[in-house]
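Read off the chains here:
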Amino acid sequence: MTCQQKQKSLPHNKRSGVSCLYFRKVLLGVILSSTILIQEISSFSSPVSSSKVVLSFSPPLASHALLLVVPPPFVPNCHAWGGTAGDIRSSKKVPPRSRTTHLFDSSFAAPGDDSTIATTLNNKTRDDGEVQSNIPWSVVSNVTESDNGSSFLQENKAYPQQTPHSGRHFLPSHPAYHHPKQDLVSNTSLPKQMIDKMKRRLSKLKQQSKNILFSKLPIARRHAYRNKHKRFMEGWYYRITLPEDKVSFAFIFSIEDPNYYLQKSSVGENLSLAAVQVMGPNDEYVVQADQDHSKFWASDRQQAFGYTFEESHPVAVEDGDETMLSSSSSSSSSLSSSPHPVIDPEEFHTTVKTGFQMLPTRLQGKVQGHDGSLGGVLKGQGIPRTCEFDMKIRPLSGWGDDEDDNQKSTAGWLASFSVFEPHWQVTLADARATGYATWNGKRYDFDNVPFYAEKNWGGSFPSKWYWVQCNSFEGYTCPEGRSRLSLTAGGGIRKIPFGKTEELGMVCVHHNGIFYEAVPWTGEMEWDVDPWGSWSFSAKCTSGEKLFEVQVVAKCEEEGVVLRAPTQDLGLAYFCRDSFYANVELSLYEIYWDKQQQEYIRGKAILEKAKSIPRTGAVEIGGGPYWNAWKGKSKMKQPMKALVKLPYMFQK
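Residues numbered from 1 in each chain as written. Predicted model: local features only at pLDDT ≥ 70, side-chain atom pairs only at ≥ 80, totals over all residues. Heavy atoms only, no water.

So what's going on with the overall build of the protein chain? Which residues, and what values?
Along its length, the protein chain carries five helices and 32 strands. For the protein chain, the residues scored as buried account for 54% of the 652 residues in total. Considering only residue pairs separated by 6 or more positions, the protein chain has 66% of its internal contacts joining residues 24 or more positions apart. In the structure as shown, the protein chain presents an accessible area of about 29700 Å², 52% of it carried by carbon and sulfur atoms. (Helix = DSSP H or I, 4+ residues; strand = E, 2+ residues; numbered from the N terminus. Buried < 20%, exposed > 50% of the residue type's maximum accessible area, 1.4 Å probe, protein only. Contact = heavy atoms within 4.5 Å. Areas by Shrake-Rupley, 256 points an atom, 1.4 Å probe, with all protein chains shown as cover.)

Outline the pattern of salt bridges, listing residues and values.
Within this structure, the stated rule accounts for 18 salt bridges. Of the charged contacts in the structure, one is a salt bridge between Asp 290 and Lys 295, with a shortest N-O distance of 3.9 Å. The partner of Arg 443 in a salt bridge is Asp 445, with the nearest N and O atoms 3.0 Å apart. (Salt bridge = Lys/Arg side-chain N within 4 Å of Asp/Glu carboxyl O.)

How would you explain the side chain of Ser 272 if you had to name every residue and give the values?
Assignment of secondary structure puts Ser 272 in the loop between β9 (247–256) and β10 (273–279). Of note is the side chain of Ser 272, whose polar atom sits 3.0 Å from the backbone oxygen of Asp 257. (Polar contact = N/O pair within 3.5 Å; in protein donor to acceptor, adjacent residues only side chain to side chain.)

Hey, could you go over empty space enclosed by the protein for me, with residue numbers and the actual values?
The rolling of a water-molecule-sized probe over the atoms marks out the regions of remaining empty space. Per the counting criterion, the structure on display carries eight cavities of 30 Å³ or more. If you trace the largest cavity, you find 39 residues lining it, with Trp 424, Glu 454, Asn 456, Pro 462 and Trp 465 closest to the centre. Residues belonging to the lining of the largest cavity are distributed by class as follows: 23 nonpolar, ten polar and six charged. (1 Å grid on protein atoms, 1.4 Å probe; cavity = no way out; pocket = protein on both sides within 12 Å on 5 of 7 lines; lining within 4 Å. Points joined across faces, edges and corners; volume = space filled by probe spheres on them. Nonpolar A, V, L, I, M, F, W, Y, C, P; charged D, E, K, R; others polar.)

Residues and numbers for the environment of Pro 160, please.
Among the secondary structure elements, Pro 160 is positioned in the loop between β7 (138–139) and α3 (192–209). Overall, Pro 160 belongs to the exposed group, its relative accessible area being 52%.

Help me get a handle on the pairing of strand β22 (residues 485–496), residues and values and all.
Two faces make up the sheet, and in a regular strand the side chains alternate between them. Of all twelve residues in β22, eleven are buried; the element is thus mostly enclosed. With six bridges connecting them, strand β21 (residues 464–470) and β22 associate as antiparallel partners. Bridge pairing in β22 places Cys 470 opposite Leu 487. Inspection of the sheet shows β22 paired to strand β23 (residues 500–511) by twelve bridges, in the antiparallel sense. By the bridge assignment, Leu 485 is partnered in β23 with His 511. The hairpin formed by β22 and β23 contains three residues between the paired strands, and Phe 498 there has a positive phi angle of roughly 70 degrees. (Pairing = 2+ DSSP bridges.)

Any details on the side chain of Gln 277? Residues and values, ideally.
Tracing the chain through its elements places Gln 277 in strand β10. Among the polar contacts made by the side chain of Gln 277, one reaches the main-chain carbonyl oxygen of Arg 564 at a distance of 3.3 Å. With sequence-adjacent residues up to four places away left out, Gln 277 is seen in contact with Ala 250, Phe 251, Ile 252, Tyr 285, Val 286, Val 287, Arg 564 and Leu 572.

Requested: an account of the pairing of strand β13 (residues 305–311), with residues and values cited.
Buried residues dominate β13, accounting for six of its seven residues. As paired elements, strand β12 (residues 297–298) and β13 share two bridges and run antiparallel to each other. From the neighbouring strand, Trp 297 faces β13, where its bridge partner is Gly 306. Between the antiparallel neighbours β12 and β13 lie six residues. Direction of pairing for β13 relative to strand β16 (residues 352–359): antiparallel, over a ladder of six bridges. What sits directly across from Glu 311, in β16, is Val 352.

Outline the packing of aromatic side chains, listing residues and values.
For the structure on display, the rule yields 34 aromatic pairs. Ring centres of Phe 305 and Phe 356 lie 6.3 Å apart, and the angle between their planes is 70 degrees; on these two criteria the pair is classed as edge-to-face. Taken together, the positions of Phe 305 in strand β13 and Phe 356 in strand β16 put the pair 51 residues apart, joining distant regions of the chain. Assigned by exposure class, Phe 305 and Phe 356 land together as buried. (Phe/Tyr/Trp six-rings, centres within 6.5 Å; stacked < 30°, edge-to-face > 60°.)

Describe the environment of Arg 385, listing the residues and the values that go with them.
Structurally, Arg 385 is set in strand β18 (residues 384–397). When the C-alpha atoms of Arg 385 and Tyr 285 are compared, they prove to be 8.4 Å apart, with 100 residues separating the residues in sequence. With near-sequence residues (within four places) excluded, Arg 385 lies in contact with Glu 284, Tyr 285, Val 286, Val 367, Gln 368, Gly 369, His 370, Asp 371 and Asn 440. At 2.8 Å, the side chain of Arg 385 and the backbone oxygen of Tyr 285 are in polar contact.

These values are about where atoms sit, not about what they do.
Structure representation (C-alpha cells):
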C-alpha cells in the first residue's frame, strides 16, 4: 500500500499526523547522515577554531532531543549567533559536561552511562609524560568539573591520542549502572485528578515514541549488544615487549553476554562469562574466568574497566558527601555490591586478592588461574598458574597522526554503527609502559618498554583472520624525539548487512608521529598467509594526502600457543594461535601516478627493510580452516566502500 493509499484509508484528522511523522523520519535520517559525514570530513580539514557550534532540535516529544556538533568551518560567524533551543549558539554557553558531544567520540552518553557514577582519577600526567600518583582519590555522584587533578569518567578524553570507541560498548549488569525507576508524577502534591490525567498523557506519549525513527537511531541506541536475542562480547588486548629479555606479555580481558536481560545463547546455553587470559614467556598461558558478570564495571567514555574475582579486605569509597565501607559491617559484603567499584591503584594489591583493573594510564592485575589444559576456563579446569602485573602507561600514538586531535576509527566512520561484524579498534598503536610483571613466581621489571592496545566487540570473532603487530624495531624504540616505528596489519572475513561476508585486509604504520593508513577504501592490499610460520603483505594507498606503498614479511619458527576467543555457539573456546617470537621486516615507499604507464610508480624510500628486534614480533592466525596458504586481495563491497571513503575524498 502506498503512502497516498494509507492516507486515504485514515480519518481526515489523522492524515496530517501520518504526513508529519513520515516527514520527521526522513528529516531525521538526512540530518543524522549529513552530520556524520560532516564530522568525519572535518577531521581531515585544517583546524580553524577549537570551538564548536551546537545545533539543538526539539521534537514534539519532550523526552527526546537531538544534539549535533558541527565544526566552525561550515558555519560562518558562529560566535555572533545566539538563542535558545532550536537556534545556533556558541558552545561556550553550554554548561560543563553537557550531553552534547562529537558523534564519533566514544563518550556519547547512552542509557546506563557514567554520568551518575563518575570517579576522580588520581593520576596527573606532567608535560614530560610521567604519571604522578599523589592526588587523593574520590568518587563523586554527579559529573562536575574538578579543579584539582585530571578526572576519570568526567572528561571525554583521558589523553590527546585517545581514539573513538575507547569506552565500553556494553551496558554492564553491575548494580551501579541500574537504578530503580521513580514515579516522578506521583511524588508531587498535585490533585489526584490532575495526576491521573498527566499519567495518561505520559503513557500516550511513550506509546507514540515507539513509532518515531529517532528512538531507533544508532545515536540513541548505538551499542551493538542491545539486540537482546543475539550474543555480544567485548574484549581488550594489551601487549608489552621486553626487548632486553626477549619476552612479551599479552593481557586479554573479555566479557560475554553481559546484558542482564540476556540469559541464554542461540543454542540455549548460558554463555555469560568474565575472563582474563595472559600470554607470557615461552608462549605460556594462564586463564581465570567467572560466570558472574555482574562484577564487571566499565567506563563509556574512556578505556577503563575492572573485575574483582575475590577481594582481600574492605575498601572505603565515597558517595557524594558520605563515606562508607563496602564491607565494614558484614564479611559477606563484597566489591560486587559497591556502588562505585573503581579501586585506588595504590591500594589495589592490598584490596584485591584476584582480579584486574584498567585505567586510562594504569594497568593492574592479580591472576590465580590455570593453563586450561583440563578442558575449560573455570576454576579447577587446568594446571594452576599465577601472574601479577602493575604498570603505568605513557600514550604516544593512537590511530592517526600523533598531533591530530581527531583520532580515527580503525574500520572507518561506519564503525559507530552496527554495520560490520565484528568491530575492531586499535586504541594505542604505540605507547611505553613502566612497571613489573610476575610470571609463576619470576619477576620482570621494565622501564619504558613498547606497549600496544586494541579492542573488539560484536557477536563473535571472525570466522577466519590473520594479524601481525610490532612496535619494537631496531633503532626505533626511543620514546623521546621522533625515532619511533609501529606496525599493525590484519584482516579476515567479516559479516556485512543482508547476511553477506567480505574478505578484507589492511596495513598501517606509525613512523615518527606520522600515520600511514593502507585500508580497503583508500587503496588495495594483498596477503599470503601460511597455515603457520609465514605472513606476507603488500598494500598501496592511492587516496588522500599521503600516497605510499608498504610491504611486510613476518616469519615465526616457534609453534606458538593456542588461545581462546569468543565464538558464536561455544563461548570462550580455542580458536586462534599466537606467538611473540616472530621476526618482522617492513618497507615503506612513496608512490606517484605515472601518466605514460597509467599506473602508480614507486618513488623515494621512507623505510627500507626495517627489522624488528629479533624474536619480538607478534603474529596470529584465527578461525579457519587453514589447510593451505591463504592468498587474497581486499575486496570491499559497494555501497559500503563508497560510504566509508567519502571523508577521504576531502582530505587531499
